[in-house]
Amino acid sequence: MEEVSFDEWSKLDLRVAEIKQAEDIEGADKLYKLIVDVGELGERVLCAGIKQYYKKEDLIGKKIIIIANLKPRVIRGIESKGMLLAAVSEDHSKVILLAPDSEDAEPGMRIS
């Protein structure tokens, strides 16, 4: 495993986000298009490969942790502006979204 310096790690802007919408992406069997609220950063679109692990209706209202300053990337024609964080088993049989441990966490709060 490659080590990173504290300066490198501190460049990441980790935030609490709340999932407002989850939509299928035409032709994508693993991806959802998520609309998330990131507080003062506004709403963002994220593409996430979690379809086989979560139902759309179970995602709505869920608070998650995202990387807010990841360079945008076009996935299946959709500009994804961030990345959600998840714990993933080695064989990818389990994927668990990282979330704050309190419902009091507000969208946009920084993770440090």
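Heads up: the structure comes first, above all this text.
Since the model is a prediction, treat every value here as computed from it, not as a measurement.

Peer 1: Residues and numbers for the side chain of Arg-44, please.
Peer 2: By secondary structure assignment, the location of Arg-44 is in strand β3 (residues 43-48). Asp-13 provides the closest opposite charge to the buried, unpaired Arg-44, separated from it by 6.4 Å. Polar side-chain contacts of Arg-44 include one of 2.5 Å to the backbone oxygen of Ala-68. Look past the residues within four positions of Arg-44 in its chain and what remains in contact with it is Leu-34, Ile-35, Val-36, Val-38, Ala-68 and Lys-81.

Peer 1: Hey, could you go over the environment of Gly-39 for me, with residue numbers and the actual values?
Peer 2: By secondary structure assignment, the location of Gly-39 is in the loop between β2 (32-37) and β3. Separated by 13 residues in sequence, Gly-39 and Glu-26 place their C-alpha atoms 29 Å apart. Setting aside residues up to four positions removed in sequence, Gly-39 forms contacts with Pro-107 and Gly-108.

What counts as what
- Residues numbered from 1 in each chain as written.
- Predicted model: local features only at pLDDT ≥ 70, side-chain atom pairs only at ≥ 80, totals over all residues.
- Heavy atoms only, no water.
- Helix = DSSP H or I, 4+ residues; strand = E, 2+ residues; numbered from the N terminus.
- Buried < 20%, exposed > 50% of the residue type's maximum accessible area, 1.4 Å probe, protein only.
- Lys, Arg positive; Asp, Glu negative; His and termini not counted.
- Salt bridge = Lys/Arg side-chain N within 4 Å of Asp/Glu carboxyl O.
- Polar contact = N/O pair within 3.5 Å; in protein donor to acceptor, adjacent residues only side chain to side chain.
- Contact = heavy atoms within 4.5 Å.

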